[in-house]
Amino acid sequence: MEDFNQTLPDMFYLLGLSTVPHLQVVGSLMFVVMYTITLTGNCLILITVRISRKLHTPMYFFLSNLSFIDICFSSTIVPVILRNTLSTEKSISIGGCMVQLLCYLGIGGAECLLLAIMAYDRFVAICRPLHYVNIMNTRFCIILAIIPWILSFLNSSIQVHITWRLIHIKSHHINYFFCEVPPLLRLSCRDTWLNEISMYIAAGTIALGAFSLTLISYIYIIATILKMHSSRSRYAVFSTCSSHLTVVTLYYGTIMSIYLQPRSNHSVEKDKFISVLYTVV
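The name given to the chain in an unreviewed UniProt entry is Olfactory receptor, and the organism recorded there is Engystomops pustulosus. Per UniProt, the comment on the chain under Sequence similarities (unreviewed entry) is "Belongs to the G-protein coupled receptor 1 family." Under the heading Subcellular location (unreviewed entry), UniProt records this for the chain: "Cell membrane".

Here's what the structure looks like:
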């Protein structure tokens, strides 16, 4: 048993979303369609913002950054899903698993923080319209766009490092469709309390922190909208925020439901479904 607990894997085997053949085919087609839409839509946004001088504004600058992050985020996850679903070879090297975990956490965290920055941009535009140009100048926008990458990859580097310590495992099979922290914790033979605390702190700091900033921004935005006398003006202002609110609700809600619940409450099937929502949908 001691030798078994000290197994050092060369490879992991991803069990995927489902072992039912026809569900795998349907799932693969769905992922191909959604991945194609993701790449096409976000590339069109990047090209349109680039070639149209009217769109060279802070709002569309951040939207371009979000599109780029979406492309990177989906490309980190979906190709692995398709490979493991359509191929009989479902293995991933330990190094590849750690690299995927690093990129996934880093890019996902950057998207989370960028959504909060986009909410701040809408707050300044709606609540401080006369000072918008001065506050959201080019230099400040670039700094705001860089900060999420630095903070999120710093966090992901820490998470990958402490996850690497758990490399002595009781199984080589990951009951998931990509390398993710909770499934890796379930495989470890060692005490994972430090990893769980680190995961909760990271999720609390990044997800809850970003969500709180977003919520505060929208409280001020809604208060400003309610003060408007024209219903047409209220509708026009709110319509610029509605899509962002939808993404924020879906993204923060799914992230917090996975990373901020106790390990004993984790359901593998539920976690898979939630992960599909915020990594693909």
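A. Spotlight on the layout of surface pockets. Reported here for the largest pocket is a volume of approximately 780 Å³. Mapped by element, the contributors of at least two residues to the lining of the largest pocket are helix 2 (21-51), helix 3 (58-86), helix 4 (94-127), helix 9 (231-259) and helix 10 (268-279). Classifying every residue of the lining of the largest pocket gives 18 nonpolar, nine polar and four charged.

B. How the structure looks around the UniProt feature "transmembrane region" (unreviewed entry) in the chain. Under the UniProt annotation, "transmembrane region" (unreviewed entry) lies at residues 20-47, 59-81, 93-120, 132-151, 197-223 and 235-260. Regarding residues 132-151, the helix share stands at 90% and the strand share at 0%, and the terminal C-alpha atoms are separated by 26 Å. Its end C-alpha atoms 37 Å apart, residues 197-223 is made of 100% helix and 0% strand.

C. Spotlight on helix 4. The terminal C-alpha atoms of helix 4 lie 49 Å apart, and with 34 residues this matches the ideal 50 Å at 1.5 Å per residue to within 8%. Among the 34 residues in helix 4, 27 count as buried, and that is most of the element.

D. View of the packing of helix 4 against helix 8 (residues 193-226). Here helix 4 crosses helix 8 at 20°, and the two axes come no closer than 9 Å. What the angle tells us is that helix 4 and helix 8 run roughly parallel. Every pair of crossing elements has a handedness; the one defined by helix 4 and helix 8 is left-handed. Mapping the contact onto sequence places Gly109, Cys112, Leu113, Leu115, Ala116, Ala119, Tyr120, Arg122, Phe123, Ile126 and Cys127 in helix 4 and Ile206, Ala207, Ala210, Leu213, Thr214, Ser217, Tyr218, Tyr220, Ile221 and Thr224 in helix 8. Residue composition of the contact of helix 4 with helix 8, by class: 16 nonpolar, four polar and one charged.

E. How the structure looks around a nonpolar patch on the surface. A grouping of Trp193, Leu194, Ile197 and Ile201 is seen on the molecular surface, where their side chains present a nonpolar patch of about 400 Å² in accessible area. Counting through the fold element by element, tryptophan 193 comes out in helix 8.

The rules behind these values
Residues numbered from 1 in each chain as written. Predicted model: local features only at pLDDT ≥ 70, side-chain atom pairs only at ≥ 80, totals over all residues. Heavy atoms only, no water. UniProt positions renumbered as here; feature names shortened; annotations may be inferred. 1 Å grid on protein atoms, 1.4 Å probe; cavity = no way out; pocket = protein on both sides within 12 Å on 5 of 7 lines; lining within 4 Å. Points joined across faces, edges and corners; volume = space filled by probe spheres on them. Helix = DSSP H or I, 4+ residues; strand = E, 2+ residues; numbered from the N terminus. Nonpolar A, V, L, I, M, F, W, Y, C, P; charged D, E, K, R; others polar. Expected span 1.5 Å × (residues − 1). Buried < 20%, exposed > 50% of the residue type's maximum accessible area, 1.4 Å probe, protein only. Axes fitted to C-alpha atoms, helices over the stretch in contact; angles between N-to-C directions. Parallel < 35°, antiparallel > 145°, perpendicular 65-115°, else oblique. Left-handed = near helix turned anticlockwise from the far one by under 90°. Contact = heavy atoms within 4.5 Å. Patch = residues over 30% accessible without salt bridge, like charges linked within 9 Å, V, L, I, M, F, W, Y side chains within 5 Å. Areas by Shrake-Rupley, 256 points an atom, 1.4 Å probe, with all protein chains shown as cover. Salt bridge = Lys/Arg side-chain N within 4 Å of Asp/Glu carboxyl O.

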